[in-house]
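Okay, here's what each chain looks like letter by letter:
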Amino acid sequence: MPAENHDVADALAAIGTEVATVVAALVRSDADGFARVAELVAAAPRVFVLGAGRSGLALRMTAMRLMHLGLDVHVVGEVTTPAIERGDLLVTASGSGTTGVIVRAAETAASVGADVVLVTTAADSDLASTATVALVVPAAAKLDRSGTASAQYAGSLFEQSVVLIGDALFHALWQRSGQSADDLWPRHANLE
């Protein structure tokens, strides 16, 4: 039996279609949620980001871009991350909404009066109920192998969505700030 032809170009087209479908659904379903998240980020004295695995890597990208805007941003778990305080913002991503370290961090943040933003696939999770704002991504949960919500492996579509949401948040805040690309550039890493 000949093997099916599965090439990278076909995979890229399929992934692009899935991402476009999720983006369209997010834009239609939660414009108010995105606006609220932008308000929280803009108003927070400090922004903390936390995610596990690939979701955490996606949020680290968001942290970098928010730092380029001149915001005081910290990646939870880094040795220089200070204690979160009232008025600060914790931005989290957990597809399941049950990742232990993220649940505990969100509970701690809420207990001290910080706001919590969650990007998730699980609107009914305990983490979503702790969040000030929960952005629900219509993507497959990590353990969903049905291929219904996504043909991609594990939580790939969710993680791609976290990257795009972070970039969209940055872009909207950048446009509002009135800063030029030249204004942001001096904050780019120079110890490379």
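Residues numbered from 1 in each chain as written. Predicted model: local features only at pLDDT ≥ 70, side-chain atom pairs only at ≥ 80, totals over all residues. Heavy atoms only, no water.

Asks: Run through the sheet that holds strand 1 (residues 47–51), naming residues and quoting values.
Replies: Through backbone hydrogen bonds, the strands of a sheet pair up, either in parallel or in antiparallel fashion. Strand order in the open sheet formed by 5 strands is 2-1-3-4-5, with parallel pairing between adjacent strands. Two strands lie at the open edges of the sheet, namely strand 2 (73–75) and strand 5 (133–136), each paired on one side alone. Neighbour-to-neighbour, the strand axes of this sheet turn through a mean angle of 15°, independent of strand direction. Most of the contacts of helix 3 (residues 53–68) go to strand 1, to which it runs at about 160°, and overall it touches strand 1, strand 2 and strand 3 (89–93). Helix 4 (residues 100–111) contacts strand 1, strand 3 and strand 4 (115–120) of the sheet and is inclined by roughly 160° relative to strand 3. (Pairing = 2+ DSSP bridges. Helix = DSSP H or I, 4+ residues; strand = E, 2+ residues; numbered from the N terminus. Axes fitted to C-alpha atoms, helices over the stretch in contact; angles between N-to-C directions. Contact = heavy atoms within 4.5 Å.)

Asks: So, the packing of aromatic side chains: which residues are in play, and what are the values?
Replies: We describe a pair of aromatic rings using the distance from one ring centre to the other and the angle between the two ring planes. Summed over all chains, the structure comprises 1 aromatic pair. Ring geometry for Phe170 against Trp174: centres 5.8 Å apart, planes inclined by 20°, an arrangement best described as stacked. Of this pair, Phe170 and Trp174 both sit in helix 6 (residues 156–177), separated by 4 residues, roughly a single helical turn. If you follow Arg65 out to its NZ or CZ, it ends over the ring of Phe170, 6.0 Å from the centre. (Phe/Tyr/Trp six-rings, centres within 6.5 Å; stacked < 30°, edge-to-face > 60°. Lys NZ or Arg CZ within 6 Å of the ring centre and 35° of its normal.)

Without other data, these values stay purely geometric and don't point to any function.
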